[in-house]
Amino acid sequence: MVKKRKTRRKFTREFKAEIAKLVLDGGLSVPDVCRKHELGESSVYSWVNQAQLDRGKGAKGALTTAEKTELARLRRENRELRRERDFFEQATAYFAKGKR
């Protein structure tokens, strides 16, 4: 018997924020929200924790959503700049060899 794999569902930031708001501001428990919207508890708990961090309540040193987004952008930019630097170093070495 061949089992079908479940496709992984993707949720928008807005949806995650609304679900977290139901728990934080709506007075509902995570299990209640999960049953109502057919969601996994671990996902909802992580969304709620992230929403609390974004509100300034949470562990010290933990990154807010905006900080995570900025960090990802900076890492992409850094990776690109390193590629460019390496390319120019290799090109310089190649042309320096040829002139001897």
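To start, this report covers the structure provided alongside it. (Residues numbered from 1 in each chain as written. Predicted model: local features only at pLDDT ≥ 70, side-chain atom pairs only at ≥ 80, totals over all residues. Heavy atoms only, no water.)

When helices and strands are tallied, the protein chain shows 4 helices and 0 strands. Of the regular secondary structure in the protein chain, the N- to C-terminal order runs α-α-α-α. Its C-alpha radius of gyration of 23 Å places the protein chain more than 25% over the 13 Å reference for a compact globule of 100 residues. Expressed along its principal axes, the backbone C-alpha trace of the protein chain runs to roughly 75 × 50 × 20 Å. Out of the 100 residues belonging to the protein chain, those deemed buried represent 13%. In the protein chain, the proportion of contacts linking residues at least 24 apart, taken out of those at least 6 apart, comes to 39%. Here the protein chain displays about 9,100 Å² of accessible surface, and carbon together with sulfur accounts for 54% of that area. Charge separation in the protein chain, taken as the distance between the mean sites of 26 positive and 14 negative side-chain charges, equals 6 Å. (Helix = DSSP H or I, 4+ residues; strand = E, 2+ residues; numbered from the N terminus. Rg over C-alpha atoms; globule rule 2.2 N^0.38 Å. Buried < 20%, exposed > 50% of the residue type's maximum accessible area, 1.4 Å probe, protein only. Contact = heavy atoms within 4.5 Å. Areas by Shrake-Rupley, 256 points an atom, 1.4 Å probe, with all protein chains shown as cover. Lys, Arg positive; Asp, Glu negative; His and termini not counted. Charge placed at Lys NZ, Arg CZ, Asp CG, Glu CD.)

Our next topic: the pattern of salt bridges. Here the structure, examined in full by the defined rule, presents 7 salt bridges. Between Glu80 and Arg83 there is a salt bridge, with its nearest N and O atoms 3.0 Å apart. Of the two residues, Glu80 and Arg83 both sit in helix α4 (residues 65–98), 3 residues apart, roughly one turn of that helix. Residue classification places Arg83 among the partly exposed positions, given a relative accessible area of 49%. Across the pair Asp86 and Arg85 runs a salt bridge whose closest N-O atoms are separated by 3.0 Å. Assessed through its relative accessible area of 30%, Asp86 is described here as partly exposed. Classification of Arg85 by relative accessible area gives partly exposed; the value is 44%. (Salt bridge = Lys/Arg side-chain N within 4 Å of Asp/Glu carboxyl O.)

Between helix α1 (residues 13–24) and helix α2 (residues 30–37), the shortest axis-to-axis distance is 9 Å and the interhelical angle comes to 135 degrees. Judged by the angle between their axes, α1 and α2 are oblique. Where α1 crosses over α2, the handedness of that crossing is right-handed. For the pair α1 and α2, the contacting residues are Ile19, Leu22 and Val23 in the first and Val30, Val33 and His37 in the second. Looking at the contact of α1 with α2 residue by residue, the classes come out as 5 nonpolar, 1 polar and no charged. (Axes fitted to C-alpha atoms, helices over the stretch in contact; angles between N-to-C directions. Parallel < 35°, antiparallel > 145°, perpendicular 65-115°, else oblique. Left-handed = near helix turned anticlockwise from the far one by under 90°. Nonpolar A, V, L, I, M, F, W, Y, C, P; charged D, E, K, R; others polar.)

Time to look at the layout of surface pockets. If you add up the space inside the largest pocket, you get close to 330 Å³. Lining the largest pocket, in full, are Arg13, Lys16, Ala17, Ala20, Ser46, Trp47, Gln50, Ala51, Asp54, Thr65, Lys68 and Thr69. Going through the elements one at a time, α1, α3 (41–54) and α4 are the ones with two or more residues in the lining of the largest pocket. For the lining of the largest pocket, a count of residues per class yields 4 nonpolar, 4 polar and 4 charged. (1 Å grid on protein atoms, 1.4 Å probe; cavity = no way out; pocket = protein on both sides within 12 Å on 5 of 7 lines; lining within 4 Å. Points joined across faces, edges and corners; volume = space filled by probe spheres on them.)

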